[in-house]
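Examination of the molecular architecture
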Amino acid sequence: MFHELLSDSYDSLLALAGIIFAFGATVAATAKLQRFLPKDAGREYAVDGKLSAGKPRGAGIIFVLAFVAAALLFAPVKAEIVIYLILTVICMMTGFLDDASSTPWGEYKKGFLDLCVAALVAMTFLRYNSNVIRVILFDVELTVPPALFAILAVILIWGSVNVTNCADGVDGLSGTLTIISIMTIYIVDRLLDVGSDFSYLILLFAVCILGYLWYNATPSKLMMGDAGSRSMGLFISIAILKTGSPLLYIPIALVLILDGGLGLVKVFLLRFLKIRILKNVRTPLHDHVRKVWDWSNTQTVFRFAIIQIILAVAVVYGIGM
């Protein structure tokens, strides 16, 4: 009994050390390295987009690498986890190279690279996990054929990467929403008694984003760029798959989905089907509420966060009943 208590205490101290390291490393590295990041040129069509001109961007490379370092040092090192970390770095690097490029990468190029990463994540997940989907709120389990499961997983992962990327446009918004979403997933993991290995990674990732937000809160000193937003979207999708209940992605990340996803749907329908929708709605939605409804940046972040927290509370309550 004494040895078990000693072991539990050691594990708890190690976990605490990892969390402190993740936050401290992100803050310290950002302070030292931000001057080496590429500079933003300002976005012509975004609301207040020109105000970001000259600020360091691509800071996602710092907090993602801090997260990976903390995970390798303090989390259980297993093959599945290592693969996810590698794919997160790959996703981050494709975003960072776009951030650093003098000529922005085309949509199709970025979409194809995201698709490749999504396919590798889906294959990795199926290699180490079940192809059973739990519909928690209805207490139903569905066994999905592996091929179909892989296709659905790729759609989820690709969609998460891109809606999270599109939702990045207001100081602190996408980072705050991502923290709310992944911490909701963490609570769901605890309620469902899902293994603790990946749950601990959620805590590490959350505190690394907090380290970045230390500098990104309005008025921001730097921006995460595609390097950060794409990585966050990928991580959210992996975390939700690990719950065994991927349908929970919809309520747990609904604000991200609506903010970033409506613009993707709008462009897709117009470009490929010549269908116009939401003619009087600016997308992403964070541009609409600032331009049309005259919300400040702070109001946008707080109100979007409040909506997502309410949804999170509803999900947690529904699962815990």
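On a predicted model such as this, the values are computed, not experimentally measured, just so you know.

A short note on the overall build of the protein
Within the protein, the secondary structure is distributed over 12 helices and two strands. From first element to last, N terminus to C terminus, the protein shows the α and β order α-α-α-α-β-β-α-α-α-α-α-α-α-α. Computed over its C-alpha atoms, the radius of gyration of the protein comes to 19 Å, within 12% of the 20 Å expected for a compact globule of 321 residues. Its C-alpha atoms give the protein principal-axis dimensions of roughly 65 × 45 × 35 Å. Sorting the 321 residues of the protein into buried and exposed places 49% on the buried side. Within the protein, counting contacts between residues at least 6 apart in sequence, those at least 24 apart form 75% of the total.

Quick word on the side chain of Asn 216
Note on placement: Asn 216 falls in helix H7 (residues 196-216). Assessed through its relative accessible area of 4%, Asn 216 is described here as buried. Within the structure, the side chain of Asn 216 is placed 2.8 Å from the backbone oxygen of Leu 222, a separation counted as a polar contact.

As for the pattern of salt bridges
This structure, assessed with the given rule, holds eight salt bridges. As a salt-bridge pair, Arg 290 and Asp 287 come within 2.7 Å of each other at their nearest N and O atoms. Residue Arg 290 and its partner Asp 287 are both found in helix H11 (residues 285-291); the two are separated by three residues, about one turn of the helix. As far as burial versus exposure is concerned, Arg 290 and Asp 287 are alike and both buried.

Thoughts on unusual backbone geometry
In this structure, Pro 219 follows Thr 218 across a cis peptide bond, with omega equal to -5°. Cis geometry is found at the peptide bond from Thr 283 to Pro 284, where omega equals -5°. The backbone phi angle of Asp 294 is positive, close to 65°, even though this residue is not glycine. Turning to its location among the elements, Asp 294 is positioned in the loop between H11 and helix H12 (297-320). With a relative accessible area of 62%, Asp 294 lands in the exposed category.

The rules behind the values
Residues numbered from 1 in each chain as written. Predicted model: local features only at pLDDT ≥ 70, side-chain atom pairs only at ≥ 80, totals over all residues. Heavy atoms only, no water. Helix = DSSP H or I, 4+ residues; strand = E, 2+ residues; numbered from the N terminus. Rg over C-alpha atoms; globule rule 2.2 N^0.38 Å. Buried < 20%, exposed > 50% of the residue type's maximum accessible area, 1.4 Å probe, protein only. Contact = heavy atoms within 4.5 Å. Polar contact = N/O pair within 3.5 Å; in protein donor to acceptor, adjacent residues only side chain to side chain. Salt bridge = Lys/Arg side-chain N within 4 Å of Asp/Glu carboxyl O.

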